[in-house]
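Structural description and commentary
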Amino acid sequence: MTTTARHKTSNDTTIVAPGRTRTPAAAAARGGAESVDPAELPVRPGEDPWTSEEVHELHAELISDLDRLQNEIDAAEAAITGLMRDSNDGAGDDQVDAGTKNISRESELALANNARDSLAQTEHALARLEGVGFGTCESCGQAIGKARMQAFPRATLCVQCKAKQERR
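Comments concerning the overall build of the chain
A tally of helices and strands in the chain yields 5 helices and 3 strands. Its helices and strands taken in sequence order, the chain reads β-β-β-α-α-α-α-α from the N to the C terminus. A buried classification covers 32% of the 168 residues belonging to the chain. Of the contacts formed within the chain by residues at least 6 apart in sequence, a portion of 54% connects residues at least 24 apart. Carbon and sulfur atoms make up 51% of the accessible area of the chain, which totals about 10,000 Å².

As structure tokens, this is what we get:
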């Protein structure tokens, strides 16, 4: 499991994860969307090639998702902290109250873990977009498909490989 912390400065956001720092300046230094040659992104037969506008839109969506997911994680962690603090005030609680508190804690923990998983997938998709491998199936090496990548930019498998994975 990856833990992340965010630090804000006056004009940019940094997301710190083990071995990784993300700022708008760092993304630009690594190249960001500007370094991506749309002609190099794979497409399936019959699909139109990527345009620079589509790449920029996808990049902006992934960056936006990073911030949204980090906010979700921050909110869930704050809620968990509050629920943990309140769990010690159980004097006089009946079994229903204690059960409700446990369910609330479990729900917040699940939300935080789901957001962390999505954050890791989004970081991976952004790294693939800015580097190598975006749009290529990690299992068979074929193009995932432009339409699939636009609908779900965190996809790492083509439809056929994903179907095989889900059957297992």
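Describing the pattern of salt bridges
A side chain with one charge may pair with a side chain of the opposite charge, provided their charged atoms come close. Under the definition given, this model contains 6 salt bridges. One salt bridge in this structure joins Glu 77 and Arg 116, with 2.5 Å as the shortest N-O distance. Of this pair, Glu 77 sits in helix 2 (residues 52–87) while Arg 116 sits in helix 3 (residues 95–130), and the two are 39 residues apart along the sequence. Ionic pairing is found between Arg 128 and Glu 138, a salt bridge with its closest N-O pair at 2.6 Å. With Arg 128 in helix 3 and Glu 138 in the loop between helix 3 and helix 4 (146–151), this residue pair connects regions lying 10 residues apart in the sequence. Taking the relative accessible area as the measure of exposure, Glu 138 reaches 46% and is therefore partly exposed. Each member of the salt-bridge network shares a partner with another, and the members are Asp 65, Arg 68, Glu 72 and Arg 154.

Looking at the side chain of Glu 108
Among the structural elements, Glu 108 can be located in helix 3. Among buried charged residues, Glu 108 stands out as having no salt bridge; its nearest opposite-charge side chain is Arg 116, 9.9 Å away. Ignoring anything within four residues of it in the chain, the contact list for Glu 108 reads Ala 76, Ala 79, Ile 80 and Leu 83.

Describing the confidence of the model for the chain
On average, residues of the chain score 80 in pLDDT, and 76% of them are at 70 or above. Below a pLDDT of 50 lies the segment residues 1–30, which in the model reaches 60 contacts outside its immediate sequence neighbourhood of four places, other chains included.

Thoughts on the packing of aromatic side chains
Summed over the entire model, instances satisfying the criterion amount to 1 aromatic pair. Judged by centre distance (6.3 Å) and plane angle (65 degrees), the rings of Trp 50 and Phe 134 are edge-to-face. Here Trp 50, found in the loop between helix 1 (24–30) and helix 2, pairs with Phe 134, found in the loop between helix 3 and helix 4; they are 84 residues apart in sequence, far enough to count as distant. Just as Trp 50 is buried, Phe 134 falls in that class too. Taking the ring centre of Trp 50 as reference, the NZ or CZ of Lys 146 above it sits at 5.7 Å.

A closer look at the environment of Ala 110
Along the polypeptide, Ala 110 turns up in helix 3. On a C-alpha basis, the gap between Ala 110 and Ala 76 in space is 9.2 Å, while along the polypeptide they are 34 residues apart.

Focus: the nonpolar core
Of all hydrophobic cores here, the largest spans 22 residues; its most connected members are Leu 41, Trp 50, Val 55, Leu 129, Phe 134, Cys 137 and Met 149. Breaking this core down by element, the ones donating at least two residues are helix 2 and helix 3. Residues in contact with Trp 50, not counting those within four places in the same chain, are Pro 38, Leu 41, Pro 42, Val 43, Val 55, Leu 58, Phe 134, Lys 146, Met 149 and Gln 150.

The rules we used
Residues numbered from 1 in each chain as written. Predicted model: local features only at pLDDT ≥ 70, side-chain atom pairs only at ≥ 80, totals over all residues. Heavy atoms only, no water. Helix = DSSP H or I, 4+ residues; strand = E, 2+ residues; numbered from the N terminus. Buried < 20%, exposed > 50% of the residue type's maximum accessible area, 1.4 Å probe, protein only. Contact = heavy atoms within 4.5 Å. Areas by Shrake-Rupley, 256 points an atom, 1.4 Å probe, with all protein chains shown as cover. Salt bridge = Lys/Arg side-chain N within 4 Å of Asp/Glu carboxyl O. Lys, Arg positive; Asp, Glu negative; His and termini not counted. pLDDT = per-residue confidence, 0-100. Phe/Tyr/Trp six-rings, centres within 6.5 Å; stacked < 30°, edge-to-face > 60°. Lys NZ or Arg CZ within 6 Å of the ring centre and 35° of its normal. Core = buried A, V, L, I, M, F, W, Y, C linked by side-chain atoms within 4.5 Å.

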